[in-house]
Amino acid sequence: MIFAIEVAIGGLLVGVMYSLVALGFVLIYKSSGVFNFAQGDMTLLAALALVGFLTIFPLWLAILAALVLMIALAIAIEAIVLRPLVARPPLALFMATIGLGFFLQGIGQGIWGTDPKGLDIGISDIPFKIKGLLISQFDLAGGALAGGLVFALVWFFQKSRTGRALRAVSDDHEAALSVGIPLRRAWAISWAIAGLVALVAGIMWGSRLGVQFSLSLIALKALPILILGGIDSIPGAIIAGLVVGASENLAEVFLGPYVGGGIQTFFPYLLALVVLWFKPYGMFGREIIERV
Amino acid sequence: MNQNPLLRVNNIEVVYEHVILVLKGVSLEVPEGGLVALLGANGAGKSTTLKAISNLLRAERGEVTKGVIEFMGNRIDRKDAAEVVRRGIVQVMEGRRKFEHLTVEDDLLTGAYSRRDTHLVKKDLDLVYSYFPRLAERRNVKTGYISGGEQQMVVIGRALMARPKLMLLDEPSMGLAPLLVQEIFDIVVRLNREEKVAILLAEQNAAMALQVARYGYIMENGRLVLDGDADTLRDNEDVREFYLGLTEIGKKSYRNVKHYKRRKRWLT
């Protein structure tokens, strides 16, 4: 039983970090209605930049520099990619983010190289014991950081003036424009927040898996989470991330041996499929309100 | 009309997608505190005219290619939409464009986004609730779930939250029951009189619009064809026939409609 709880807790903590990646997608989707294919590559770029800056700066300054880079990137993306595509079909924007993804990946690897790099942020991965349970210190730190970020974001979207404006933009661009909400700034802000989330995810995942190309593939982990939680729900991304993390760990350990193992990689997709049968907008997705 | 109107639209031309000419030589004025109607059938160019003023055109890939739009003596035809709002013009778009996943109160508050005097926002929210008491009751309900009339109230109230000097109202009567239309128009008149908000009202419901407006313009095919005081327009034979559905003997009976068309006098 203790072992099962350990597996579940380990899964939950990893799940929080999955949520972090999914959150980046949700933020962009909420404000601009675009599925941002480049989110994984933004994570990779942020991690690469951080590793690069670490060679010249101390840790806190390197993180700050990487953050500035992500914000500058958000502003550039708004001006170069999004603005010319205003009032174009959403598919055009989606395609643009695919291109953007390749571009960011290439730029990042061009500047900082393609060889896998270690990222050490000073949290050791030595498990410690609480009441007989073995818990990874690193996962705990990651979970706490992600949890804090999520609370801050929920507060920002629900309570602040700018957050309210961003929600309005996601409901109806043109109407938001008509009440004087500057769309460009709204988009730049949401991409900057997505950049921040990418940076945090890049730090956590980068120091766990090493910084290399495959980091951009953790975006694939976000897909079942988005389907489960609903693509436009912040709480949905969190809870679905936890569900995916815990369930894939438990499934691997307890179901895996019966089917030959390795079900961790596809179990979340299976779960997502089942949820879709019952909740087509995901567990917390925004329903399309139709009055008849 | 006035020597120094609040809004002066001078001979503008609007082109969509660089090729489609939709407005030709439109000129109109709205005086300080005025209530002006812009009438016309579907596709006549009313909404485009309003969007040219508020510069929501750009979001639809349209552009003012000729002419000048002045607000309080300053050109605004090159300013972006947010700047136009900051200067005091808010458009209420047709089709009740509420933010359906926001609560009534949040939706109203987005209207105050462009304001700097944030401490007065609460007072104005109460003001909106005093004009639309039904919204106060429903303040915590998502706007997607309230009735059509209430949604129209939300979008008008939201525009009021920006404290505009000029409100551009696009088809507030669309799709609403006659009783509600009356209620909305009464409030529009009160806003005009009590809050001193000038109003440019685009409407297909000419009878209703000419009842409340003091001056009117009539559009057809992207041009202005006639303008005058509301009383004069109401008595104009062509307006009576084509927009109010009346003839000299009163209500028109469709049994007697001949197959030839009466020629409009303003078309030469």
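Residues numbered from 1 in each chain as written. Chains lettered and ligands numbered in written order. Predicted model: local features only at pLDDT ≥ 70, side-chain atom pairs only at ≥ 80, totals over all residues. Heavy atoms only, no water.

What about the overall build of chain B?
Part 1 of the argument: Helices and strands together make up the secondary structure of chain B, namely ten helices and twelve strands.
Part 2 of the argument: For a compact globule of 268 residues, the expected C-alpha radius of gyration is about 18 Å, and chain B comes in at 19 Å, within 12% of that figure.
Part 3 of the argument: The principal-axis extents of the C-alpha atoms in chain B amount to approximately 60 × 40 × 35 Å.
Part 4 of the argument: Split into buried and exposed, the 268 residues of chain B put 55% on the buried side. (Helix = DSSP H or I, 4+ residues; strand = E, 2+ residues; numbered from the N terminus. Rg over C-alpha atoms; globule rule 2.2 N^0.38 Å. Buried < 20%, exposed > 50% of the residue type's maximum accessible area, 1.4 Å probe, protein only.)

Considering the pattern of salt bridges
Residues and elements named next belong to chain B.
Part 1 of the argument: Under the definition given, this model contains 30 salt bridges over all chains.
Part 2 of the argument: The residue Glu183 makes a salt bridge to Arg134 at a minimum N-O spacing of 3.5 Å. Of this pair, Glu183 sits in helix α7 (residues 178-194) while Arg134 sits in helix α5 (residues 133-137), and the two are 49 residues apart along the sequence.
Part 3 of the argument: With its nearest N and O atoms 3.0 Å apart, the salt bridge here joins Arg138 to Glu150. (Salt bridge = Lys/Arg side-chain N within 4 Å of Asp/Glu carboxyl O.)

Remarks on helix α8 (residues 183-209) of chain A
Residues and elements named next belong to chain A.
Part 1 of the argument: If you check α8, its first and last C-alpha atoms are 37 Å apart, about what 27 residues at 1.5 Å a residue would give, namely 39 Å.
Part 2 of the argument: By the criterion of burial, α8 is predominantly enclosed, with 21 of the 27 residues buried.
Part 3 of the argument: Gly210 occupies a position one or two residues after α8 and carries a positive phi of about 90°. (Expected span 1.5 Å × (residues − 1).)

Things to note about unusual backbone geometry
Residues and elements named next belong to chain B.
Part 1 of the argument: Unlike most non-glycine residues, Asn55 shows phi in positive territory, near 60°.
Part 2 of the argument: Within the secondary structure, Asn55 sits in the loop between α1 (46-54) and β4 (62-71).
Part 3 of the argument: Positive phi is not limited to glycine here, since Arg96 has a value of about 50°.
Part 4 of the argument: The residue Arg96 is located in the loop between β6 (89-92) and α3 (104-110) in this model.

Comments concerning the packing of helix α2 (residues 39-54) of chain A against helix α3 (residues 59-82) of chain A
Any two packed helices are characterised by the angle at which their axes cross and by the distance between the axes.
All names here are of chain A.
Part 1 of the argument: In the contact formed by α2 and α3, the axes pass within 9 Å of each other and the chain directions differ by 140°. Accordingly, the angle class assigned to the pair α2 and α3 is oblique. Along this stretch, α2 crosses α3, giving a crossing that reads as right-handed. Here Met42, Leu45, Ala46, Ala49, Leu50, Phe53 and Leu54 of α2 lie close against α3, whose contacting residues are Leu59, Ala62, Ile63, Ala65, Ala66, Leu69, Met70 and Leu73. (Axes fitted to C-alpha atoms, helices over the stretch in contact; angles between N-to-C directions. Parallel < 35°, antiparallel > 145°, perpendicular 65-115°, else oblique. Left-handed = near helix turned anticlockwise from the far one by under 90°. Contact = heavy atoms within 4.5 Å.)

Let's talk about the confidence of the model for chain B
Part 1 of the argument: Here chain B averages 89 in pLDDT, and 91% of its residues register 70 or above.
Part 2 of the argument: Reported confidences for the modelled complex are a pTM of 0.83 and an ipTM of 0.86. (pLDDT = per-residue confidence, 0-100.)

Some thoughts on the nonpolar core
Part 1 of the argument: Within the largest apolar cluster, 91 residues are counted, with the highest numbers of intra-cluster contacts made by A:Leu23, A:Ile181, A:Trp191 and A:Trp205.
Part 2 of the argument: Ranked by residue count, the leading element in this core is α8(A), at 15 residues.
Part 3 of the argument: Each residue touching A:Trp205, except ones within four places of it in the same chain, is listed here: A:Val14, A:Met17, A:Tyr18, A:Val21, A:Gly210, A:Leu215 and A:Ile218.
Part 4 of the argument: Ranked by size, the runner-up nonpolar core spans 54 residues in total, among them B:Val128, B:Tyr131, B:Leu180 and B:Ala206. (Core = buried A, V, L, I, M, F, W, Y, C linked by side-chain atoms within 4.5 Å.)

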